[in-house]
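If you want the building blocks of each chain, they are given just below.
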Protein chains: 2
Amino acid sequence: MSTGDDPRTVSQAGEAAVLEVLSGAVAPLSADPVGNGDDAAVLGPASATVVTTDMLVEGTHFRLDLTTWRDLGRRAVAQNVSDVLAMGADCSRVLVGLAVPGETTMTQIAELAAGVHEEADRSGAVVVGGDLTGAENVVVSVTAIGTLPGGARPVRIDGARPDEVIALTGAPGRSAAGLALLLGGHPDGPLQDVHRVPATPIGSGRQARLAGATSLTDVSDGLLRDLAGIARASGVAADLTGAALPVDQLLFEAAELLGAADPAARVAKWQLDGGEDHGLLATFPVGTDLPPGFTVIGRTRAGDPGQVRVDGVPTEPGGWDSARGGR
Amino acid sequence: MSTGDDPRTVSQAGEAAVLEVLSGAVAPLSADPVGNGDDAAVLGPASATVVTTDMLVEGTHFRLDLTTWRDLGRRAVAQNVSDVLAMGADCSRVLVGLAVPGETTMTQIAELAAGVHEEADRSGAVVVGGDLTGAENVVVSVTAIGTLPGGARPVRIDGARPDEVIALTGAPGRSAAGLALLLGGHPDGPLQDVHRVPATPIGSGRQARLAGATSLTDVSDGLLRDLAGIARASGVAADLTGAALPVDQLLFEAAELLGAADPAARVAKWQLDGGEDHGLLATFPVGTDLPPGFTVIGRTRAGDPGQVRVDGVPTEPGGWDSARGGR
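This one's a predicted model, so the numbers in the text were calculated from it and none came from an experiment. (Residues numbered from 1 in each chain as written. Chains lettered and ligands numbered in written order. Predicted model: local features only at pLDDT ≥ 70, side-chain atom pairs only at ≥ 80, totals over all residues. Heavy atoms only, no water.)

Caption draft 1: Seen up close, the packing of aromatic side chains. Residue and element names in this part refer to chain A. Under the definition given, this model contains two aromatic pairs over all chains. Here F284 and F294 contribute two aromatic rings whose centre-to-centre distance is 5.6 Å and whose plane-to-plane angle is 80°, an arrangement assigned as edge-to-face. In this pair, F284 sits in strand β9 (residues 280-285) while F294 sits in strand β10 (residues 294-301), placing the two residues ten residues apart along the sequence. One exposure class covers both F284 and F294, and it is buried. (Phe/Tyr/Trp six-rings, centres within 6.5 Å; stacked < 30°, edge-to-face > 60°. Helix = DSSP H or I, 4+ residues; strand = E, 2+ residues; numbered from the N terminus. Buried < 20%, exposed > 50% of the residue type's maximum accessible area, 1.4 Å probe, protein only.)

Below, the structure written as structure tokens:
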């Protein structure tokens with residue numbers, strides 16, 4: 001991006017220059033009647049439109065001394081894309097609202113924009129709109145939009161039935177372990193990278209839908225908590241098999257590096273309660289040929305709606321509640 | 001809303017309770033496959049989808065000692081609806097992202113939600129999604145979505161041609177005058193109300209499109225600045241006729257109350273440079289039967305793209321640039 005070394009601050013450069021950097025120099029998808037630069041974007045015809053919004057707030061979700069602007073842009077997009085995937089759709093467009101102090105430099109904006117576009121590209125999406133405003137603390141608010149092809153039904157959170165398999169993509173707990181390492185003074189490593197930018201499983205939402213997933217969500221608040229969300233919405237109970245969770249050597253190494261008295265217990269807590277991994281959690285009828293990347297970790301059953309047992313023991317989810325949490 | 005007197009704080013009540021209040025107890029539009037409560041909302045088929053996002057930041061756009069939570073909710077929705085109207089569409093859905101300190105009470109959330117729903121109702125829109133997060137300062141980030149009926153073309157900002165009429169809805173300058181009164185220690189009055197919640201001209205965007213508007217935007221940064229935006233994007237110049245602006249007795253009274261040395265000059269500055277009124281500004285071919293509420297205030301002409309003259313005198317727009325501004 002040509003503005004990568006722009007020494008001006010946001011105050012000096014003005015809104016139009018910032019939005020130009022944020023939206024990139026690229027043309028909008030030719031199918032869209034109006035892309036950037038007008039009051040609103042106009043998207044072309046679609047059979048159904050999936051839309052979600054989520055924000056990242058400095059001091060709550062990130063610290064500028066622990067993340068780069070590029071990673072911040074990537075993470076803001078990734079966590080929204082994840083919510084679109086979790087409806088069984090692919091993400092097609094992204095809007096970015098940005099609140100920053102006036103002394104933020106255009107170089108920092110360009111880095112953020114590079115991250116936004118990198119992650120949007122990865123998802124097959126384009127940036128079609130933005131908003132800029134002043135603020136004491138940085139806020140990045142993203143709206144992500146996806147489309148479902150003609151006749152496709154979104155995969156909801158409330159469609160699980162008893163006696164189905166529960167399956168998950170990715171390696172749960174890595175983001176939480178990465179944060180623990182960062183706060184423990186270990187700035188670099190693969191887990192820290194996962195915390196900075198979750199690895200959203202592009203394409204997996206659509207594949208889960210096509211394979212016949214009965215329910216689908218992304219793990220943002222923690223595996224137990226999000227599984228309880230599916231179970232409660234669907235009116236079923238859920239049984240997790242602890243041994244079915246990935247044996248994740250990186251998590252054990254992190255627990256030991258942090259001097260955990262009981263490393264296995266620390267790893268289990270990260271895997272069951274850690275949020276922001278943004279893997280996809282789904283239920284499928286027994287016998288379904290699961291899409292690539294999904295691993296069976298348990299079964300649904302008739303029972304108290306929302307109750308989750310791990311190896312037969314009822315649990316109290318300890319995951320993240322964004323209103324209650326104090327991080 | 002039944003939670004109007006809920007004494008709990010946001011921290012005590014938790015995210016699900018807050019989002020329930022924000023989304024209201026109402027069912028989603030039955031045409032939408034998925035409304036609230038899932039990872040993302042899913043909207044039904046549309047010929048074209050209009051989408052925009054804008055945020056309000058405490059300390060930058062509002063002070064909690066000068067606004068109510070209800071008005072804050074209304075204003076956040078109104079300014080986004082305005083951007084949808086400015087494409088020639090009607091607003092159909094709203095998503096609200098909210099960042100608040102944990103000690104915010106559920107009563108305050110309910111007031112904000114009441115304002116969000118009041119303004120959404122006014123616009124014919126429903127709230128289909130939300131996000132809640134913790135923050136030191138309050139941020140309200142709204143995404144507004146509208147649809148264009150089959151075959152309808154959005155009214156862009158860049159379609160004005162030379163020798164067309166320039167027309168405006170509403171009374172420009174009232175929001176700026178209202179802010180001046182508020183900061184001058186006059187908390188109550190009709191201008192202050194306009195500053196707290198702009199009066200978006202529901203239906204006027206669609207009517208302008210149907211009447212054949214060649215360009216359309218909403219006045220958010222100031223009349224001169226937004227007119228220059230149309231002119232620059234369209235490659236034309238613009239002539240405003242000062243005498244065509246409304247004679248607004250309320251503005252003169254405000255200027256006098258504030259002890260302006262030259263009340264007429266103060267009024268002119270509010271009308272030409274004041275932002276956030278969110279009236280609609282359009283160009284139409286000469287001879288167009290203008291929709292209700294639109295008043296002719298000038299003409300476009302061939303000339304330096306983006307140049308605006310008032311009564312023949314070239315101007316330097318002094319409107320609001322959200323990156324440069326220091327309010």
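Caption draft 2: A look at the sheet that holds strand β10 (residues 294-301) of chain B. All names here are of chain B. Pairing in this open sheet of seven strands is mixed, and the strands run β7-β9-β6-β10-β8-β11-β12 from one edge to the other. Every other strand in the sheet has two partners, leaving β7 (215-218) and β12 (313-314) as the edge strands with one partner each. Two strands pair when backbone bridges link them, and β7 and strand β9 (residues 280-285) are joined in this way by four bridges, in the antiparallel orientation. Bridge pairing in β9 links T217 to L281. (Pairing = 2+ DSSP bridges.)

Caption draft 3: Region of interest: the nonpolar core. All names here are of chain A. V50, L72, V140 and F284 are the most contacted members of the largest nonpolar core, which has 48 residues in total. In terms of residue count, helix α3 (residues 69-85) provides more of this core than any other element does, seven residues in total. Setting aside residues up to four positions removed in sequence, V140 forms contacts with D54, M55, L56, L72, A76, V96, G97, L98 and L112. (Core = buried A, V, L, I, M, F, W, Y, C linked by side-chain atoms within 4.5 Å. Contact = heavy atoms within 4.5 Å.)

Caption draft 4: Main features of the side chain of T300 of chain B. Residue and element names in this part refer to chain B. Take T300: it is sitting in strand β10. Overall, the relative accessible area of 3% leaves T300 in the buried class. Ignoring anything within four residues of it in the chain, the contact list for T300 reads R161, P162, D163, E164, I166, V236, A237, A238 and T283.

Caption draft 5: Expanded view of the pairing of strand β4 (residues 126-134) of chain A. Residue and element names in this part refer to chain A. For β4, the buried fraction is high: seven of the nine residues fall into the buried class. Pairing analysis gives eight bridges linking strand β3 (residues 90-100) to β4, with the strands arranged parallel. Residue pairing across strands places V94 opposite V127, the latter belonging to β4. In terms of handedness, the path from β3 via helix α4 (residues 106-123) over to β4 forms a crossover that is right-handed. (Right-handed = clockwise from strand over helix to strand, strands pointing away.)

Caption draft 6: Region of interest: the relation of the copies chain A and chain B. Under the fitted operation, chain A is carried onto chain B by 0.0 Å of movement along the axis and a turn of 180°, and the coordinates agree to an RMSD of 0.0 Å. Taken together, the rotation and translation relating the two chain copies correspond to the operation of a two-fold axis. (Least-squares fit on C-alpha atoms with pLDDT ≥ 70 in both.)

Caption draft 7: Structural detail: the interface of chain A and chain B. Taken together, the contact pairs 60 residues of chain A with 60 residues of chain B. With both chains or domains summed, chain A and chain B bury close to 4700 Å², and 53% of this area falls on carbon and sulfur atoms. The tally of links between chain A and chain B comes to zero salt bridges. Here chain A is connected to chain B by eight residue pairs in polar contact (both at pLDDT 80 or more). Those elements that provide at least two residues to the side of chain A that touches chain B are α1 (10-13), β1 (41-43), β2 (48-57), β3, β4, β5 (139-148) and β7 (215-218) of chain A. Ranked by residues supplied to the side of chain A that touches chain B, first place goes to β2 of chain A with nine residues. Here the side of chain A that touches chain B is composed, by residue class, of 29 nonpolar, 20 polar and eleven charged. (Buried area = accessible area lost by both parts, 1.4 Å probe. Salt bridge = Lys/Arg side-chain N within 4 Å of Asp/Glu carboxyl O. Polar contact = N/O pair within 3.5 Å; in protein donor to acceptor, adjacent residues only side chain to side chain. Nonpolar A, V, L, I, M, F, W, Y, C, P; charged D, E, K, R; others polar.)

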